[in-house]
Amino acid sequence: MAPRRGKATGAASEAEAAAPRVSAPRVKGVPTEPRESPAVPDAARPSARRCGPARPSGSRRKKSGPDPQEKRQVRARAARAEDRVEGPPARTEGVMPPAAPGPPLPRRASRREGTARSARERRPQPRPTEVPEPLVPVPSLGRGKEAPGSWKPRAVLEKLRLSRQEISEAAEVVNRLTDHLLRRLQSCESEFKGVALLRTGSYYERVKISAPNEFDVMFKLEVPRIQLEEYYNSGAHYFVKFKRNPKGNPLGQFLEGEILSASKMLSKFRKIIKEEIKNIEDTDVMVERKRRGSPAVTLLVRKPKEISVDIILALESKSSWPASTMGGLPISNWLGAKVRNSLRRQPFYLVPKHAKEGSGFQEETWRLSFSHIEKEILKNHGQSKTCCEIDGVKCCRKECLKLMKYLLEQLKKKFGNRKELDKFCSYHVKTAFFHVCTQDPDDSQWHSKDLELCFDNCVTYFLQCLKTEQLEHYFIPEFNLFSRDHIDKLSKEFLSKQIEYERNNGFPVFGEF
């Protein structure tokens, strides 16, 4: 970059004017003083010429012999004046010659330039240009940082998009299967005569990823006039009792004293389903082995495509929500206080998910479930009622949740032989995502064009939860999903380390498997 004109010292100008110049010399070690460039008459400026043809800056005129004509003399004088301003041979006082290739002369800024250039002047002298190394994203501990730019989230989401035909075929198989089981459970001789269908889970929340091969279906059974007894101040697990136990109650056979036994009820539910699938002729389906502590009866459809269906028995209560939920569902600043009050007037559910007790489980306990509320929140997730509608502004909330679920899914595949990730599930990711939505309630904070940044914010929050070992249940604040009673510290550290690696390297796991 050539040095700026109008800043040379008088001594330098006189020395250069006295010596004949072939090429512009470099001036070293000459201290420079800030001074203003001498004013140049407008008529002599290149942009304000009034006479004579235009010529390249710095062009030189050879003076011929005396010209008797006055017009030529005027032209010659104008040319000499222009040469003094622009050309190398004749210099205007205080104007530096064009420097030969090399580093520019050091100079001080004028008072006018001092403020704008002070930061640059304090920097060391420029070094030879080097080819920069590829940028590796640095892990951010705070929120609001720029997300890593070495991967394309839209391309990943496109890969996760479900085929309409696959969805239709899978839904048809699942609907046929559940309808058959529902008719059997509603028959007169069944203890579950009043059961009804409640479709929940990622497929019905429209956040299913990869393939429509997993479905959650809840069979709800209303149980009026029940009394809940909290299990060891857990906030989430309860013993269920009937306020009155009239004779002829079909659920009476599941009582252990006064307590409605979750394990007995689930065992009977599982037995009925296992017997009934033998009567399904048009579908190749089997009941998978019972998983310890799981509230679901898992069916595996083997043909035409493999599909897993979790059928969950749920007790429906239309009473007020338990006291442990009072501080939960923090959506007042996001979806509004009216929406929160309306959602809390809906029923709540109890599923046979047992509380941990030492190295085993307390099998008579039930756990609160709000999957139907989660589905409602994801369906109407924007502050604006038109968010993500055809005529509304599209946000990236659901896209972030899909990417978070996919990240955990891919890591579990990558480290399938490691037990550290066994206890992590998509519900942990969904809970963290809900908390980020509470922290960033405005639709403008989730603009579609900011997908990469929003996803990075979700990852940052999840990492903080892992490091602090604190992930509050979204509906039950006192229930910590990341307590050491549920997940050990080493497992959380392992997952945190793997997520940090993925983020710092552009999420290579998204391209694997």
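What you see is a predicted model, and the numbers here were worked out from it, not measured in a lab. (Residues numbered from 1 in each chain as written. Predicted model: local features only at pLDDT ≥ 70, side-chain atom pairs only at ≥ 80, totals over all residues. Heavy atoms only, no water.)

Draft legend 1. How the structure looks around the overall build of the protein. Helix and strand counts for the protein stand at 13 helices and 13 strands. Each of the 513 residues in the protein was classed as buried or not, and the buried ones make up 45%. Sequence separation of at least 24 residues holds for 68% of the intrachain contacts in the protein that already meet a minimum separation of 6. With an accessible surface of roughly 29800 Å², the protein has 50% of that area assigned to carbon and sulfur atoms. (Helix = DSSP H or I, 4+ residues; strand = E, 2+ residues; numbered from the N terminus. Buried < 20%, exposed > 50% of the residue type's maximum accessible area, 1.4 Å probe, protein only. Contact = heavy atoms within 4.5 Å. Areas by Shrake-Rupley, 256 points an atom, 1.4 Å probe, with all protein chains shown as cover.)

Draft legend 2. Region of interest: the pattern of salt bridges. Scanning all chains against the criterion turns up 23 salt bridges. The shortest N-O distance in the salt bridge between Glu374 and Lys430 comes to 3.1 Å. Residue Glu374 is found in helix α9 (residues 371–379), and its partner Lys430 is found in helix α11 (residues 426–439); the two are separated by 56 residues along the sequence. With respect to burial, Glu374 and Lys430 carry one shared label: buried. Salt-bridge contacts for Glu502 lead to Lys414; the nearest nitrogen and oxygen are separated by 3.7 Å. Separated by 88 residues along the polypeptide, Glu502 in helix α13 (residues 489–504) and Lys414 in helix α10 (residues 397–414) bring together distant segments of the chain. (Salt bridge = Lys/Arg side-chain N within 4 Å of Asp/Glu carboxyl O.)

Draft legend 3. Region of interest: the packing of helix α5 (residues 164–185) against helix α7 (residues 262–276). Following both chains from N to C, one finds α5 and α7 inclined at 120°, their axes separated by 10 Å at the closest point. Our classification of the angle between α5 and α7 gives oblique. α5 and α7 meet at a crossing whose hand is right-handed. Two secondary-structure elements touch here, α5 through His180, Leu181, Arg184 and Leu185 and α7 through Phe269, Ile272, Ile273 and Glu276. Of the residues in the contact of α5 with α7, the class split is five nonpolar, one polar and two charged. (Axes fitted to C-alpha atoms, helices over the stretch in contact; angles between N-to-C directions. Parallel < 35°, antiparallel > 145°, perpendicular 65-115°, else oblique. Left-handed = near helix turned anticlockwise from the far one by under 90°. Nonpolar A, V, L, I, M, F, W, Y, C, P; charged D, E, K, R; others polar.)

Draft legend 4. The confidence of the model for the protein, seen in detail. In the predicted model, the protein carries a mean pLDDT of 76, and the fraction of residues at 70 or more is 67%. Confidence drops under pLDDT 50 across residues 1–69; counting only partners more than four residues distant or on other chains, this segment forms 85 contacts. Counted against residues more than four places away or in other chains, residues 81–149, with its pLDDT under 50, gives 107 contacts. (pLDDT = per-residue confidence, 0-100.)

Draft legend 5. Structural detail: the nonpolar core. With 104 residues, the main nonpolar core has Phe192, Leu260, Met265, Phe269, Leu299, Trp446 and Phe455 as its most contacted residues. Apart from the residues within four sequence positions on either side, Phe269 is in contact with Leu185, Phe192, Phe219, Val297, Ile311 and Leu313. The next biggest cluster of nonpolar side chains, apart from the first, holds seven residues, and it includes Ala296, Ile312, Ala314 and Val351. (Core = buried A, V, L, I, M, F, W, Y, C linked by side-chain atoms within 4.5 Å.)

Draft legend 6. Region of interest: the packing of aromatic side chains. The final tally for this structure, using the stated rule, is 22 aromatic pairs. Taken together through their ring pairs, the aromatic side chains of Trp321, Phe370, Phe433, Phe434, Trp446, Tyr474 and Phe475 make up a single cluster. (Phe/Tyr/Trp six-rings, centres within 6.5 Å; stacked < 30°, edge-to-face > 60°.)

Draft legend 7. Here's a closer look at the side chain of His473. Looking at the element boundaries, His473 is found in the loop between α12 (451–468) and α13. In contact with His473, other than residues within four places in its own chain, are Phe370, Tyr427, Thr431, His435, Phe479 and Leu481.

Draft legend 8. Layout of the state of the cysteines. Per the stated rule, a full pass over the model turns up zero disulfides. With no disulfide of its own, Cys387 lies closest to Cys395 among cysteine sulfurs, the gap being 3.7 Å. (Disulfide = S-S within 2.5 Å.)

Draft legend 9. Structural detail: unusual backbone geometry. Unlike most non-glycine residues, Glu469 shows phi in positive territory, near 55°. Mapping Glu469 onto the fold places it in the loop between α12 and α13. For Glu469, a relative accessible area of 14% gives the class buried. Look at Phe507: it is not a glycine, yet its phi comes out positive at around 55°. Taking relative accessible area as the criterion, Phe507 reaches 3% and is therefore assigned buried.

Draft legend 10. The packing of α11 against α12, seen in detail. Running from amino to carboxyl end, α11 crosses α12 at an angle of 115°, the nearest separation of the two axes being 9 Å. Of the possible angle classes, the one that applies to α11 and α12 is roughly perpendicular. Taken as a pair, α11 and α12 cross one another with a handedness that is right-handed. Where α11 abuts α12, its residues His428, Val429, Ala432, Phe433, His435, Val436 and Gln439 lie against Cys458, Tyr461 and Phe462.

Draft legend 11. View of the pairing of strand β7 (residues 284–287). Where burial is concerned, the two faces of β7 differ: the one with Val285 and Val287 is buried and the one with Asp284 and Met286 is not. Bridge analysis of β7 against strand β8 (residues 296–303) gives four bridges, and the strand direction is antiparallel. The residue bridging Val285 from the neighbouring strand is Val301, located in β8. (Pairing = 2+ DSSP bridges.)

Draft legend 12. Layout of the side chain of Glu316. Within the secondary structure layout, Glu316 lies in strand β9 (residues 307–317). For Glu316, the side chain forms a polar contact with the side chain of Tyr349, separated by 2.6 Å. Setting aside chain neighbours within four positions, we find Glu316 in contact with Lys220, Leu221, Glu222, Val223, Pro347, Phe348 and Tyr349. (Polar contact = N/O pair within 3.5 Å; in protein donor to acceptor, adjacent residues only side chain to side chain.)

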